[in-house]
Amino acid sequence: IFVTHDQDEAIEVADKIIVTNNGAIEQAGTPVEIYKHPQTPFVAEFIGNSTVVHECHQLTGFSGVKEGTDAVIRPEFVKVFKQGTMDRYISAAEEGTIIHIMFRGNHLELAVSVKGMELHTVYSLDEKEVSVGETVQVLICRLYIFQEGRACPTENSAMKESGVYI
């Protein structure tokens, strides 16, 4: 048994993780299970580089979500395209503005503002160069909505209708 508050350390060394919150077990499982299938809002927020957004029903492809619903969006759920380079699934995308770029050696980490929500993603150095203040197209593939104490994975319905999953 190894006790740590460092989630990166736990994910690297553990065969099984037990996530606790205020002395209660939120979820137990392998690092991959916990990351890919968080069962509660706490676990969805705690594990990974997650961004909590409010009023997620405003996002394209998530209009079926009840008003006032919070959700977690992870960086891998967000794809950024330079204006004019997104040739498919434009109807499933949002317009966003790059507000921060951090060079990480083999990729860039971007912060993008979409409808007043700050989202984070990873951007390949092989893609066309982007800059702070630039307007881009943003595709949000999925998120975890919070419903009745559960974290429910929800796909972008505009992508489903197009027969596309990323």
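Owing to the predicted nature of the structure, the values given are computational and were not obtained by experimental measurement.

1. Overview of the overall build of the protein
Reasoning step 1: Along its length, the protein carries four helices and 11 strands.
Reasoning step 2: For 166 residues, the compact-globule formula gives about 15 Å, and the C-alpha radius of gyration of the protein, at 17 Å, lands near that figure.
Reasoning step 3: In terms of principal-axis extent, the alpha carbons of the protein reach across some 50 × 40 × 30 Å.
Reasoning step 4: Every one of the 166 residues in the protein was classed for burial, and the buried ones make up 40%.
Reasoning step 5: When the accessible surface of the protein is split by element, carbon and sulfur atoms take 48% of a total near 9,500 Å².
Reasoning step 6: Taken as two groups, the 13 positive and 24 negative side-chain charges of the protein have centres that lie 5 Å from each other.

2. A look at unusual backbone geometry
Reasoning step 1: A positive phi is found at K115, a non-glycine position, where the angle reads about 50°.
Reasoning step 2: Along the chain, K115 turns up in the loop between β7 (107-114) and β8 (117-124).

3. Points about the sheet that holds strand β10 (residues 142-147)
Reasoning step 1: Ordered by their spatial adjacency, four strands build an open sheet running β3-β4-β10-β11, and the pairing between neighbours is antiparallel. Each having just a single partner strand, β3 (51-53) and β11 (150-155) make up the two edges of the open sheet. The average angle at which neighbouring strand axes cross in this sheet is 30°, direction not considered.

4. Side note on the nonpolar core
Reasoning step 1: In terms of nonpolar packing, the biggest core is built from 29 residues, with L59 and I73 touching the most fellow members.
Reasoning step 2: Discounting chain neighbours no more than four positions away, the residues touching I73 are N49, S50, T51, V53, L59, V78, L119, I140, R142 and L143.
Reasoning step 3: In terms of nonpolar packing, the next biggest core, distinct from the first, is built from seven residues, A92, A93, C141 and M159 among them.

5. Here we look at the sheet that holds strand β9 (residues 135-140)
Whenever strands of a sheet pair, they do so through backbone hydrogen bonds, lying parallel or antiparallel.
Reasoning step 1: Pairing is antiparallel across the open sheet formed by five strands, whose spatial order is β5-β9-β6-β7-β8. A single partner strand is all that each edge strand has here, and the edge strands are β5 (78-82) and β8. The average undirected angle you get between the axes of adjacent strands in this sheet is 45°.
Reasoning step 2: Two elements, strand β6 (residues 93-103) and β9, share five bridges in a ladder whose sense is antiparallel. If you follow T97 over to β9, its bridge partner there is T135.

6. Quick notes on the pairing of β9
Reasoning step 1: The element β9 is extensively covered by neighbouring structure, given that five of its six residues are classed as buried.
Reasoning step 2: With five bridges joining them, β5 and β9 adopt antiparallel strand pairing. The residue of β9 that forms the bridge with K82 is V136.

7. Some remarks on the pairing of β7
Reasoning step 1: Counting buried positions over the eight residues of β7 gives six, a clear majority of the element.
Reasoning step 2: The sheet contact formed by β6 and β7 spans six bridges and is antiparallel. Looking across to β7, one finds that H100 is bridged to A111.
Reasoning step 3: Joining the antiparallel neighbours β6 and β7 is a turn of three residues, in which G105 adopts a positive phi near 90°.
Reasoning step 4: As paired strands, β7 and β8 are joined by eight bridges and run antiparallel to one another. Considered in β8, the bridge of V114 is made with M117.

8. A word on the packing of aromatic side chains
Reasoning step 1: A complete count under the given rule lists two aromatic pairs for this structure.
Reasoning step 2: The ring of Y35 has R74 sitting right over it, with the charged end atom 4.1 Å from the ring centre.

Definitions and cut-offs
- Residues numbered from 1 in each chain as written.
- Predicted model: local features only at pLDDT ≥ 70, side-chain atom pairs only at ≥ 80, totals over all residues.
- Heavy atoms only, no water.
- Helix = DSSP H or I, 4+ residues; strand = E, 2+ residues; numbered from the N terminus.
- Rg over C-alpha atoms; globule rule 2.2 N^0.38 Å.
- Buried < 20%, exposed > 50% of the residue type's maximum accessible area, 1.4 Å probe, protein only.
- Areas by Shrake-Rupley, 256 points an atom, 1.4 Å probe, with all protein chains shown as cover.
- Lys, Arg positive; Asp, Glu negative; His and termini not counted.
- Charge placed at Lys NZ, Arg CZ, Asp CG, Glu CD.
- Pairing = 2+ DSSP bridges.
- Axes fitted to C-alpha atoms, helices over the stretch in contact; angles between N-to-C directions.
- Core = buried A, V, L, I, M, F, W, Y, C linked by side-chain atoms within 4.5 Å.
- Contact = heavy atoms within 4.5 Å.
- Phe/Tyr/Trp six-rings, centres within 6.5 Å; stacked < 30°, edge-to-face > 60°.
- Lys NZ or Arg CZ within 6 Å of the ring centre and 35° of its normal.

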